[in-house]
Protein chains: 2
Amino acid sequence: MRGDFVRPATLTDVANRAGVSAATVSRVLNRSNLVSRATRERVERAIHELEYVVNGHARALAAAASEVIGVIVGDMSDPFFAHIVAGVQDQTFLAGQLALVCSTGSDPLREIRQLEHLRRLRADGVILVGGSVRDADHQLTLTRLLSGFHNRGARVVLCGRPPIPDLPKASAITFDNTGGTMRLVEHLTALGHKRIGYITGPPLRSTSRERLHGYRIAARDHDPGLIEQGTFTRESGWLAGHKLLQRNDVTAIVAANDVMAAGALAAARASGRDVPGQVSVAGFDDIEFCQDTHPPLTTVRLPLREAGALAGRIACGLDEPPPTGVVRLGAELVVRDTTGPVRE
Amino acid sequence: MRGDFVRPATLTDVANRAGVSAATVSRVLNRSNLVSRATRERVERAIHELEYVVNGHARALAAAASEVIGVIVGDMSDPFFAHIVAGVQDQTFLAGQLALVCSTGSDPLREIRQLEHLRRLRADGVILVGGSVRDADHQLTLTRLLSGFHNRGARVVLCGRPPIPDLPKASAITFDNTGGTMRLVEHLTALGHKRIGYITGPPLRSTSRERLHGYRIAARDHDPGLIEQGTFTRESGWLAGHKLLQRNDVTAIVAANDVMAAGALAAARASGRDVPGQVSVAGFDDIEFCQDTHPPLTTVRLPLREAGALAGRIACGLDEPPPTGVVRLGAELVVRDTTGPVRE
DNA sequence: CTGAAAGCGCTTACAG
DNA sequence: CTGAAAGCGCTTACAG
């Protein structure tokens, strides 16, 4: 039933109405100053009267520039991604580009599909947000796809994801996941904790691996049984926390992100444990609600919005890519009320 | 320094390599079954060898269909939007469309700009998510722009936003904001609360107005001084909560969303008030962290992801638009631990 | 400052 | 089942 529709006005329609050539209309559209004032005004009136909207596809085809920046994220409802994306969009808007945000639901296949879509649209830039998946096949496909962007002259930015060795021209903005986790664990060690449980993220994600690496360095001589597997969701944090609490020697639990830490906190409460009296808990990212958990959560702050803004600026060509290809952003320990001294 | 780049392979390149015409390649691309098996295989090999990626702009221009669905949201880092968008994207992915999510930062001007961008891209559908702004000029521009989409045959869906009278062909998916708030206030009334403070959202947003309206109906004879202005942020909830708590007659505080309720909760704690012993607090939306506030927050649950999925299906043409143009979704009271009986 | 013409890379009747 | 040709709506040298 999608019957007969109005054909939108074209540039030719505008040219006819204004009594000029298509080239002249195009010049007005692109703010060329090779147009006399009178002509410009006539054209602008025609544009207004016809409610003319330039066809972005025709323009992209003729000019070989799309005004589109692709942003690929894992999961929009995860604050980690949401904050980075907000930073990106502030900048793309300033640059007059359209940030096209696609979410993969953490599915590698969907990541590939979305990238293909972006290549079809000849995106001027593409930003991959969040941890990469350690899977040889997937990495190969990804690298091939991304070099396709590069070969066209499109900019590739990795944000919160390690550089890809086979893709030296891509810019990478990374977080100090390892160092941040180390400082967090050392903070607990200084409080007297010796048996510190750790809830890690999905095993193949670079973010998980880097944070876990920090734990392994700082928690020397740790028992491998102190590490539980999570999936970055609250539910998985609850389950893993519950398991760790069944070991009576654990006096502190560190989760690889705040959402899982919130789950572990709930598990501690459910088991009747006082936090931080009987067990300390800590997270990672410092998303807003850390202030509102019970008690407020000790965590590590990542400059998410700033990272997104930087990625956006590079992708739009507003900033030059970093000379070394990599910008490493800090991670700051934020001590709140879920961590305290061990009471033996 | 963006020097000489590789020209991506075109359909003609593929045709030459495979020794067929462009039309045949196009047929293979579009899965037409008017191609012999042998020819198809030859073309597919050429596509693979050349790493050919169809140019979406050329295709959109020739076929007058863009495979793009635009989604306009206020603020990605607000879980309210994030959950709706996740629902949308599940469906657009199934439909093979690209969901192009643009955020306006709650700026009406930016909303218009993003819509113009989507019109240029000849989006097949557009979804406006979240409350509309009550401003005559802005509404007029918006309506004009949206009818431009309609006239082209693109689908317009309003999600979590009231129908626009001048735009009867648009589908609207609305939440029972008023009824949900009424049930929440009645729950408090049943617990003996007589002086219930209310923290409202930005005054011009439809969401704020509908929720406030529910409060006004249910809290009959309320003192206008019991209503404080917020902006849907945690900070504004803290401030408004702080003000309300200075009135010693207030025994309960309802906020127009969970994020502000979390702020109010923190303000109550800061003032040394026990929740719910001395003051009850409640929010709206039921975002995930409501389970982790201290104490867990009483609120009203909105089917955000379902709403997004429905909007996505309609926008992609997977589902027919609702016959009446409007789908009204429920709002369910979720009683947790921040609300309790009045202790006089 | 302005216009005619070619070209961007596809799809789609039309013929065969 | 396949191809030649026109056309989608712009931009961009090239001339003037």
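Values in this document were obtained by computation on a predicted structure and should not be read as measured data.

(A) Highlighting the overall build of chain A. Counting its regular elements, chain A contains twelve helices and twelve strands. The globule rule puts the C-alpha radius of gyration for 344 residues at 20 Å, and the 26 Å found for chain A is more than 25% above it. Residue burial in chain A is summarised as follows: out of 344 residues, 57% are buried. A sequence separation of at least 24 residues applies to 72% of the contacts in chain A between residues at least 6 apart. Carbon and sulfur atoms make up 52% of the accessible area of chain A, which totals about 14,500 Å². Charged side chains in chain A number 40 positive and 37 negative. The centres of these two groups are separated by 5 Å.

(B) Representation of the interface of chain A and chain B. Contacts between the two partners involve 61 residues from chain A, matched on the other side by 61 residues from chain B. Together, the buried faces of chain A and chain B total about 5,600 Å²; carbon and sulfur atoms form 57% of this surface. The largest share of the area that chain A buries against chain B comes from A:H57, A:L98 and A:D292, three residues that together contribute 13% of it. The interface formed by chain A and chain B contains six salt bridges. In this structure, B:D292 engages A:R234 in a salt bridge whose closest nitrogen and oxygen atoms are separated by 2.5 Å. Linking chain A to chain B there are 16 residue pairs in polar contact (both at pLDDT 80 or more). If you list the elements that add at least two residues to the side of chain A that touches chain B, you get α4 (56–63), α5 (79–94), β2 (98–103), α6 (108–120), α7 (136–152) and α11 (258–270) of chain A. In terms of residues, the side of chain A that touches chain B owes the most to one element, α6(A), which gives eight residues. For the side of chain A that touches chain B, the per-class residue count stands at 26 nonpolar, 18 polar and 17 charged.

(C) Here's a closer look at the environment of A:R144. Examined against the element boundaries, A:R144 turns out to sit in helix α7. As for A:R144 and A:R220, which are separated by 76 residues in sequence, their C-alpha atoms are 39 Å apart.

(D) Here's a closer look at the sheet that holds strand β9 (residues 280–282) of chain B. All names here are of chain B. The strand order across the open sheet formed by four strands is β7-β6-β8-β9, and the pairing between neighbours is parallel. Of all strands in the sheet, those bounded by a partner on one side alone are β7 (227–229) and β9. Taking the axes of each pair of neighbouring strands and ignoring which way they run, one obtains an average angle of 15 degrees across the sheet. Inspection of the sheet shows strand β6 (residues 196–200) paired to strand β8 (residues 252–255) by four bridges, in the parallel sense. In the strand pairing of β8, Y198 is matched with V254. Most of the contacts of helix α9 (residues 206–218) go to β6, to which it runs at about 170 degrees, and overall it touches β6 and β7. Taken strand by strand, helix α11 (residues 258–270) contacts β6, β8 and β9, and its axis lies near 160 degrees from that of β9.

(E) Examining the pairing of strand β3 (residues 125–129) of chain A more closely. All names here are of chain A. By the criterion of burial, β3 is predominantly enclosed, with five of the five residues buried. Residues G125, I127 and V129 of β3 are buried on one face, and the alternating residues V126 and L128, pointing to the opposite face, are buried as well. Pairing analysis gives four bridges linking strand β1 (residues 68–73) to β3, with the strands arranged parallel. The partner of I72 across the bridge, within β3, is L128.

(F) Quick look at the protein's contact with DNA strand C. Close to DNA strand C lie 25 residues, the nearest being A:T24, A:R27, A:T39, B:L11 and B:S26. Within 4 Å of the protein, the contacting atoms of DNA strand C are drawn from sugar and phosphate to the extent of 68%. B:L11 places a polar main-chain atom, nitrogen or oxygen, 2.6 Å from a phosphate oxygen of DNA strand C. Interatomic distance of 3.0 Å between a side-chain N/O atom of B:R59 and a phosphate oxygen of DNA strand C. Secondary-structure elements contributing two or more residues to the surface near DNA strand C are α2 (22–29) and α4 of chain A together with α2 (22–29) and α4 (56–63) of chain B. For the surface near DNA strand C, the element with the highest residue contribution is α4(B), accounting for four residues.

(G) Representation of the protein's contact with DNA strand D within the structure. Taken together, 25 residues sit near DNA strand D, with A:L11, A:S26, A:Y52, B:R27 and B:T39 positioned nearest. Here a phosphate oxygen of DNA strand D sits 2.7 Å away from a polar atom, N or O, in the side chain of A:Y52. In this structure, B:S36 approaches DNA strand D through a main-chain N or O atom, which is 2.9 Å from a phosphate oxygen. Secondary structure elements with two or more residues in the surface near DNA strand D: α2 and α4 of chain A together with α2 and α4 of chain B. With four residues, α4(A) is the largest single contributor of residues to the surface near DNA strand D.

(H) Layout of the nonpolar core. Counting 132 residues, the largest nonpolar core has A:V71, A:I127, A:Y215, B:V71, B:I127 and B:Y215 as its most contacted members. Contacts of A:I127, omitting those with residues within four sequence positions, involve A:I69, A:G70, A:V71, A:I72, A:V88, A:V157, A:C159, A:A311, A:G312 and A:A315. With 46 residues, the next largest nonpolar core counts A:C102, A:L128, B:I112 and B:I164 among its residues.

(I) Spatial organisation of helix α12 (residues 304–316) of chain A. All names here are of chain A. Look at α12: 18 Å from first C-alpha to last across 13 residues, which is about the 18 Å you get at 1.5 Å a residue. Taken together, the buried positions of α12 are occupied by L304, A307, G308, A309, A311, G312, I314, A315 and C316. Of the surrounding elements, those touching the buried residues of α12 are β1, α5, β3, β4 (155–159), β5 (171–175) and β11 (326–329). In the stretch just after α12, G317 is the one whose phi turns positive, near 80 degrees.

(J) Representation of the domain arrangement of chain A. Here the domain parsing of chain A yields domain 1 (11–54), domain 2 (66–175 + 304–329) and domain 3 (177–302). Using C-alpha coordinates to define each centre, domain 1 of chain A is positioned 36 Å away from domain 2 of chain A.

(K) Up close: the packing of aromatic side chains. With the rule as written, the count across this model stands at seven aromatic pairs over all chains. Between B:F80 and B:F175, the ring centres sit 6.3 Å apart and the planes meet at 75 degrees, which makes this aromatic pair edge-to-face. Of the two residues, B:F80 is situated in helix α5 (residues 79–94) and B:F175 in strand β5 (residues 171–175); the sequence distance between them amounts to 95 residues. Each member of the pair, B:F80 as well as B:F175, is classed as buried. In this structure an aromatic cluster arises from ring pairing among A:F80, A:F81 and A:F175. Taking NZ or CZ as reference, A:R110 lies 4.8 Å from the ring centre of B:F93, over its face.

(L) Here's a closer look at the relation of the copies chain A and chain B. Aligned on chain B, chain A shows an RMSD of 0.2 Å; the corresponding rotation is 180 degrees and the shift along the axis is 0.1 Å. Considering both components of the superposition, the chain copies are consistent with a two-fold axis. A high fraction, 100%, of the interface residues of chain A reappear at the interface in chain B, so the copies pair face to face through one surface.

(M) The arrangement of the sheet that holds strand β6 (residues 196–200) of chain A in detail. All names here are of chain A. The strand order across the open sheet formed by four strands is β7-β6-β8-β9, and the pairing between neighbours is parallel. Unpaired on one side and paired on the other, β7 (227–229) and β9 (280–282) mark the two borders of the sheet. Sheet twist, expressed as the mean angle between neighbouring strand axes with direction ignored, is 15 degrees. Across the sheet, helix α8 (residues 177–190) lies against β6, β8 (252–255) and β9, angled at about 155 degrees from β6, the strand it touches most.

(N) How the structure looks around unusual backbone geometry. Following B:V275, the chain continues to B:P276 via a peptide bond in cis, the omega torsion being 5 degrees. Backbone torsion omega between B:H294 and B:P295 reads -10 degrees, so that peptide bond is classified as cis. Positionally, B:P295 belongs in the loop between β9 and β10 (299–301). You will see that A:D285, though not glycine, has its phi angle at about 125 degrees, which is positive. Inspection of the secondary structure puts A:D285 in the loop between β9 and β10 (299–301).

Analysis parameters
Residues numbered from 1 in each chain as written. Chains lettered and ligands numbered in written order. Predicted model: local features only at pLDDT ≥ 70, side-chain atom pairs only at ≥ 80, totals over all residues. Heavy atoms only, no water. Helix = DSSP H or I, 4+ residues; strand = E, 2+ residues; numbered from the N terminus. Rg over C-alpha atoms; globule rule 2.2 N^0.38 Å. Buried < 20%, exposed > 50% of the residue type's maximum accessible area, 1.4 Å probe, protein only. Contact = heavy atoms within 4.5 Å. Areas by Shrake-Rupley, 256 points an atom, 1.4 Å probe, with all protein chains shown as cover. Lys, Arg positive; Asp, Glu negative; His and termini not counted. Charge placed at Lys NZ, Arg CZ, Asp CG, Glu CD. Buried area = accessible area lost by both parts, 1.4 Å probe. Salt bridge = Lys/Arg side-chain N within 4 Å of Asp/Glu carboxyl O. Polar contact = N/O pair within 3.5 Å; in protein donor to acceptor, adjacent residues only side chain to side chain. Nonpolar A, V, L, I, M, F, W, Y, C, P; charged D, E, K, R; others polar. Pairing = 2+ DSSP bridges. Axes fitted to C-alpha atoms, helices over the stretch in contact; angles between N-to-C directions. Near = heavy atom within 4 Å. Core = buried A, V, L, I, M, F, W, Y, C linked by side-chain atoms within 4.5 Å. Expected span 1.5 Å × (residues − 1). Domains from an automatic or database assignment. Phe/Tyr/Trp six-rings, centres within 6.5 Å; stacked < 30°, edge-to-face > 60°. Lys NZ or Arg CZ within 6 Å of the ring centre and 35° of its normal. Least-squares fit on C-alpha atoms with pLDDT ≥ 70 in both.

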